[in-house]
Amino acid sequence: MNPSIDRPAAAVTHGGNLHEAATRYGIPYGEWLDLSTGINPHGYPVPPVPADAWRRLPDDGDGFAACAARYYGAPDAAHVLPVAGSQAAIRALPALLPRAVVGIAPLTYSEYAPAFERAGHRVVPLDVQCDTLPDALTHAVVVNPNNPTAEHLGAAKLLEWHAQLRTRGGTLLVDEAFADTLPGGSLAGSTNWDGLIVLRSPGKFFGLAGVRAGFVLGAPSLLADLRRTLGAWTVSGPARHAVKAAFEDSAWQRAMRTRLEADGIRLVKLLRAHDFATRGTPLFAWSDDPRAAALHDALARRGIWTRLFQASGSVRFGLPASDAEWIRLEENLNDSMRNTL
């Protein structure tokens, strides 16, 4: 028996918990500026949903997986499985892998460790700076770019890790939820190899988190097992319509990457102007400055919600959506520094 799955599981928290913030700080829900997620605030303008998308069951013959394969650069549609958000895959995949030792970074997306522990694996810290993985590891999970630390590992290093794990009969799982702004570093095109799984999500870059759609890229045999586990109709008709339209709009994608690159740089510069040690992606910025937890609280008292990572005392900022929101953030950041920190 794995002792890690006998103890009560700690609750996993996420950004976007604005009702909790409103209750805790006594500020009405509608008065908050929510910067607690890394979701693009300039979401894709989804075209009207056809009536058939509401009336009919989702049909795997609609080309949805093939559209995703083209967008992500996967070998073909057989290597892509649409799922109800990558969260569904995170919960189900560990049970499909041989029970073993799994390396996961201490500060990364918080759903992975408990999911693997529930499935009977032993989770150990993964040092993402290493070149050769410890012999004890059979599987490894990498969020790339990492959420929340914004650390990005090159494709060559990850493929070398995959080669090491593959010789052990293991698996490298790479979560590329934030990789749309850095498409050149994706491993999607290598998912024809056994022992490599890539998770993708249109929720972050396209600002479509509410559709709850995601994709698992990997060997067809593994995807068949996952399909049997998750069952039919995992992604709704309206969600398929929205995501397919977004994937096919290359002009919007190019313009949005340019915009987000500029916004990400602006956010990092704003925090560094106050001497906060900061690392960023085009969708969020992260700081493990010793004052980070105090800054999170000071901004929350002013109606600005960021994501605090209690264990590390670090904080993550998402992007403001408008000039007015940028001004509000800057003014309250200045005020917090003068009067609190």
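Above this text sits the structure in question.
Overview of the structure.

The rules behind these values
Within any chain, residue numbers begin from 1 and follow the written order of that chain's sequence. Local features in this predicted model are restricted to residues of pLDDT 70 or higher, and side-chain atom pairs are both shown and tallied only at a pLDDT of 80 or more, whereas totals for entire chains, interfaces and linings draw on every residue. The side-chain quantities take in all heavy atoms of the structure and omit both hydrogens and water. Numbering goes from the N terminus for both helices and strands, where a helix is a DSSP run of H or I of at least four residues and a strand is a run of E of at least two. Each residue is assigned to one of three classes by its accessible area relative to the maximum for its type, calculated with a 1.4 Å probe on protein chains only: buried under 20%, partly exposed between the two thresholds, exposed over 50%. An expected span of 1.5 Å times one less than the residue number is assigned to each helix. Here, residues are in contact when the closest pair of their heavy atoms is within 4.5 Å. Here, strands pair whenever DSSP counts at least two bridges between them. Fitting a line to C-alpha atoms yields each axis, with helices limited to the stretch in contact; the angle taken between N-to-C directions then spans 0 to 180 degrees.

**A word on the environment of R272**
Structurally, R272 is set in helix α9 (residues 250-272). Classification of R272 as partly exposed rests on a relative accessible area of 48%. Remark: the alpha-carbon pair of R272 and S287, spanning 15 residues in sequence, is separated by 9.6 Å.

**Digging into α9**
Taking 1.5 Å of rise per residue, 23 residues should cover 33 Å, and α9 covers 33 Å from first to last C-alpha, within 8% of that figure. Among all positions in α9, only W252, Q253, M256, L260, D263, G264, L267, V268, L270 and L271 are buried. At its buried positions, α9 is contacted by α3 (64-72), α8 (237-248), β9 (279-280), β10 (284-287), β13 (314-318) and α11 (323-339).

**Some remarks on the sheet that holds strand β12 (residues 307-309)**
Strands sit in the order β9-β10-β13-β12 across an open sheet of four strands; the sheet is antiparallel. The strands lining the two open edges of the sheet, one partner per strand, are β9 and β12. Two strands pair when backbone bridges link them, and β10 and β13 are joined in this way by four bridges, in the antiparallel orientation. Paired with S287 across the strands is V315, a residue of β13. Contacts between α9 and the sheet are confined to β9, β10 and β13, with β10 contributing the most and set at about 25° to the helix. Helix α10 (residues 292-300) rests against β10, β12 and β13 of the sheet, and its axis sits at about 45° to β13.

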